[in-house]
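A look at the structure
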Amino acid sequence: MIKTLSLLIVLAIPPLLAIIYVLLFGVNLPLSDQYYSSLSYVKQLYYNQLEMSSLMKTYNENFHAFPRIIWIPLAVLTGCNVIAEMYAVVFSLILLFVILIVAFRYESGLKLVFLIPLSFLIFGLRQRENLLWGHQLSFVIVAPLAAITFYSIKLFGEKKSISYYIIAVICSLLAAMSYSHGTLVYLVGSIQLFILSFNKKIKISLAVIFCIFGIIIGYLHFLNLTQDIGPNYLSSLTHPFNFIRFFLTLLGGALFNDPIMAQICGLWVIITGIISCYIIISKGRHNTYFFWLSFLVFALLSICSITFGRSHIPHRALRSAYSTFPLIAFASTYIICLIAVHVSEKREKIYSRILLGGLFLLIITGIPISSVEAFNWGIKIKTTREYKKFALLTYETQPERVLGQVGSRPLLVKELLVFLKENKLGPFLDPNYPPPIPLNSISSEDAFIIDSINGRQINNAKTPFIIPEEETAITIKGSAIDPITGQPAGGVYIKINDRVFPVYYGVKTEDLEIYSRLSLNNKMLTHCGFERSVPVYLFGEGLHTLQVIVLTNDGKSFFEAKKSIQLKIQGKRPILDRAFKSCITNENNFLLKINDTAISRDNGYSYPCNIPKDSKNIVITGWAARPDIVNTVDGVMIRVDSAYLFQANIINTTDEDGKAEFECTIPTDKLLPSQFNDLGMHCFSVVILSGNKKDYYESRDWIYFRIDR
């Protein structure tokens, strides 16, 4: 009894760690696809516009019908708290683990102690993105649905009960209506049905019916993909070496984030899987253990499907969002190798034990490494997302680029944020934000330091700080503490003229000056930085006064500095902000190059173009045309990070089709790096000015580039 209880406690540690991981690092912040998946449907539901046909729409090449059926009730019950979706991902993994325990218990005849590595694999923190991004439920939930399908087919063959076949059909349908690789369940399940020890005519009929379901769902899945298939997808067929390298890296990436170690690990898993399957099949035991064989084949096919769609982007092989099925493949290989050791004899048993020992060594090496990496990443990503959450809460006075950090289409994001704020949903569930400014003031000049404005230091406080014409936002960074107690401040605000703006406080800082100048007891406060961006058009051209307001640690008073900073905004700017003004967009009226490198596009999404670190300028060239009429283009501007507008030079125009060739030179030192901007990533869009000066045309999706550090 004590041994059984101890075993259960050990098996419960990995799922408990996954729950704690979400509890520690989960942030109620909608990101990217969540605006297009759950939130947009909740908005339709609130306004009685939700229809069944909407739930059945494909997103890229994927059906998300079943995940939507989960997302929408969760959003309604929790007030659009996306952390609930993260726990739904953990629950999917728990469901998968329960199914695997049942299959292991009744098929292998081995001791349950061998399930300990399986538990650490299924709940491996290498899949950190899946745990902290609820939208990945559509990806993860395919695994338990596939497991139920395969095990139901096995029980159908053993017990001859049609109810198990019906369960298999339903779960396969749900898997296929969750993500594109869910359609592979039909392929593997059909093979299972064909090899059942069953009446030949009946099993062929049932297998054909199963295949028909798969063909119909598969056609609906890939209908959009076949319309837009291009060289990026076909490159996996024309470059088989890249395909193999990506496949091995992706498979071994279940445990290791280093590409070399991942490829070695992936190769070992493939060798182990092939030899172990051969031993089981050669002993005539494949009918006994074909659930595990089927699950391994399904996991490997899923990895192949990911490789087919992503092998032209090599760095994505180690993306943690793809690690669920590599972990499942690793876990299935581990169980099959265990079974091979159990059924093999003499020399074969020696080989199987060597292979199993290698797998076990990879597990005990990779799991701790990936767990430490996941916790470090969780700390970093929580800080980043807390900043983005703050930006959403203050979206009405934020530059558009901030909205672009959480969704690629800021106009849609802004519309949904208006809906969330009106109904107090999502990030707006917190009624106490921002903290109110107290009435009591304390005179102090030592409560804060402004490190930079728009990336530049303030050299002379008596001279107005210049905001050049191309900069469309004011970004202020600094540090602040409570100088009386030496503790973090209770909050920070900035005041420009008579307008007060809440500031994000809690940025990690290692500036020693803040400790020596502001901290009375010299405590090393590592998160006392602040940052805030505001759009320039809120103030207009001319001189403006900037002040910083710092709250005491208890939030009951604020420190008032007598000194202020003068800002001088140069030039008048057009209000070209998609988040606050309607505009006309057309993504097909632009053809671009960055430094003579053609932009790579795939299904409407742009992948980063790398700019060398020593490049002083970025030259964007191409042509543009107005989508509404054939006429001369009135002007072209390049919007970078939605914080800068650069005027492009019109080189040549053609009256026949209205095309205008343009060139725009952007100095790299003009671009403001952000500590929340990962890997030096930037983005730009093309703006075509119209003659009436009321509308403009802008590329719908941003084009990304990365400046090497």
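Placed above this text is the structure.
My aim in this report is to walk through the structure given alongside it, one point at a time. (Residues numbered from 1 in each chain as written. Predicted model: local features only at pLDDT ≥ 70, side-chain atom pairs only at ≥ 80, totals over all residues. Heavy atoms only, no water.)

Let us look at the overall build of the protein. Of regular secondary structure, the protein possesses 21 helices and 27 strands. Residues classed as buried in the protein amount to 55% of the 709 residues present. Pairs at least 24 apart in sequence give 76% of the contacts found in the protein among residues at least 6 apart. Counting every atom, the protein has about 31300 Å² of accessible surface; 60% of that belongs to carbon and sulfur. (Helix = DSSP H or I, 4+ residues; strand = E, 2+ residues; numbered from the N terminus. Buried < 20%, exposed > 50% of the residue type's maximum accessible area, 1.4 Å probe, protein only. Contact = heavy atoms within 4.5 Å. Areas by Shrake-Rupley, 256 points an atom, 1.4 Å probe, with all protein chains shown as cover.)

Once that is clear, we can look at the side chain of Thr-333. Looking at the element boundaries, Thr-333 is found in helix α17 (residues 324-343). For Thr-333, a relative accessible area of 1% corresponds to the buried category. Among the polar contacts listed, one links the side chain of Thr-333 to the backbone oxygen of Ala-329, at a separation of 2.7 Å. For Thr-333, the residues in contact, after removing those within four places along its chain, are Val-269, Thr-272, Gly-273, Leu-296 and Leu-359. (Polar contact = N/O pair within 3.5 Å; in protein donor to acceptor, adjacent residues only side chain to side chain.)

All chains considered together, the criterion is met by 20 aromatic pairs. On the numbers, 5.1 Å between centres and 70 degrees between planes, the contact of Tyr-21 with Phe-25 is edge-to-face. With a gap of four residues between them, Tyr-21 and Phe-25 both fall in helix α1 (residues 2-25), about one helical turn apart. Residue Tyr-21 is classed as buried on the basis of its relative accessible area of 0%. With relative accessibility at 8%, the residue Phe-25 sits in the buried group. Between Phe-139 and Phe-325 the ring centres are 5.3 Å apart and the planes differ by 90 degrees, which places this aromatic pair in the edge-to-face class. One end of the pair, Phe-139, is in helix α8 (residues 137-140); the other, Phe-325, is in helix α17, and 186 residues separate them in sequence. Phe-325 carries the same exposure label as Phe-139, and that label is buried. (Phe/Tyr/Trp six-rings, centres within 6.5 Å; stacked < 30°, edge-to-face > 60°.)

The next subject is helix α15 (residues 259-282). The end-to-end C-alpha separation of α15 is 34 Å, in line with the 34 Å expected for 24 residues at 1.5 Å each. Among all positions in α15, only Ala-262, Cys-265, Gly-266, Val-269, Thr-272, Gly-273, Ser-276, Cys-277, Ile-279 and Ile-280 are buried. The opening residue of α15, the one whose side-chain oxygen lies 3.2 Å from the backbone nitrogen of Ile-260, is Asp-258. Positive backbone phi, at 70 degrees, marks Gly-284, one or two positions downstream of α15. (Expected span 1.5 Å × (residues − 1).)

Once that is clear, we can look at α17. Taking 1.5 Å per residue, 20 residues should reach 28 Å; α17 reaches 29 Å between its end C-alpha atoms and fits that length. With 19 of 20 residues buried, α17 is to be regarded as a mostly interior element.

All chains considered together, the criterion is met by four salt bridges. Residue Lys-421 is joined to Glu-396 by a salt bridge in which the shortest nitrogen-to-oxygen separation is 2.7 Å. Here Lys-421 is found in helix α20 (residues 410-422), whereas its partner Glu-396 is found in the loop between α18 (346-393) and α19 (400-404), with 25 residues between them in sequence. The exposure class of Glu-396 is partly exposed, given its relative accessible area of 46%. A salt bridge links Arg-456 to Glu-471; the nearest nitrogen and oxygen atoms lie 2.8 Å apart. Residue Arg-456 is located in the loop between β4 (448-453) and β5 (465-467), and its partner Glu-471 is located in the loop between β5 and β6 (473-482); the two are separated by 15 residues in the primary sequence. Assessed through its relative accessible area of 29%, Arg-456 is described here as partly exposed. (Salt bridge = Lys/Arg side-chain N within 4 Å of Asp/Glu carboxyl O.)

One broad trend across soluble globular proteins is that nonpolar side chains are buried collectively. Leu-131, Leu-255, Trp-292, Phe-295, Phe-298 and Phe-330 are the most contacted members of the largest nonpolar core, which has 97 residues in total. For this core, the element with the most residues is α17, which contributes 15 residues. With residues up to four places along the chain from it excluded, the contact list for Phe-295 reads Leu-96, Leu-100, Ala-143, Ala-146, Ala-147, Phe-150, Ile-328 and Ser-332. Ile-481, Ala-489, Leu-525 and Phe-559 belong to the second largest nonpolar core, which has 31 residues in total. (Core = buried A, V, L, I, M, F, W, Y, C linked by side-chain atoms within 4.5 Å.)

Packing of helix α5 (residues 83-107) against helix α9 (residues 142-159) brings their axes to within 8 Å, and their N-to-C directions diverge by 25 degrees. The angle between α5 and α9 falls in the class roughly parallel. The handedness of the crossing between α5 and α9 is left-handed. Judged by residue contacts, Ser-92, Leu-95, Leu-96, Ile-99, Val-102, Ala-103, Tyr-106 and Glu-107 of α5 engage Ala-143, Pro-144, Ala-147, Ile-148, Tyr-151 and Lys-154 from α9. Each residue belonging to the contact of α5 with α9 can be placed in one class, and the counts come to 11 nonpolar, one polar and two charged. (Axes fitted to C-alpha atoms, helices over the stretch in contact; angles between N-to-C directions. Parallel < 35°, antiparallel > 145°, perpendicular 65-115°, else oblique. Left-handed = near helix turned anticlockwise from the far one by under 90°. Nonpolar A, V, L, I, M, F, W, Y, C, P; charged D, E, K, R; others polar.)

A cluster of nonpolar side chains, namely Leu-187, Ile-191, Phe-194, Ile-195, Ile-204, Val-208, Ile-212, Ile-216, Tyr-219 and Leu-220, defines an oily patch on the protein surface of about 880 Å² accessible area. Looking at the nonpolar patch, the elements with two or more residues in it are α11 (184-194) and α12 (200-228). Considering each element in turn, the nonpolar patch owes the most residues, six residues, to α12. Considering the arrangement of structural elements, one finds Leu-220 in helix α12. Residue Leu-220 is classed as partly exposed on the basis of its relative accessible area of 34%. (Patch = residues over 30% accessible without salt bridge, like charges linked within 9 Å, V, L, I, M, F, W, Y side chains within 5 Å.)

Turning to unusual backbone geometry, a few remarks are in order. The phi angle at Lys-160 is positive, at roughly 55 degrees, despite the residue not being glycine. Here Lys-160 lies in the loop between α9 and α10 (162-176). A positive phi angle is found at Lys-424, which is not glycine, with a value near 50 degrees. Residue position: Lys-424 is located in the loop between α20 and β3 (440-443).

Within the secondary structure, Ser-302 sits in helix α16 (residues 290-310). You can call Ser-302 buried: its relative accessible area is 0%. Aside from chain neighbours lying at most four places away, what touches Ser-302 is His-181, Leu-184 and Phe-325.

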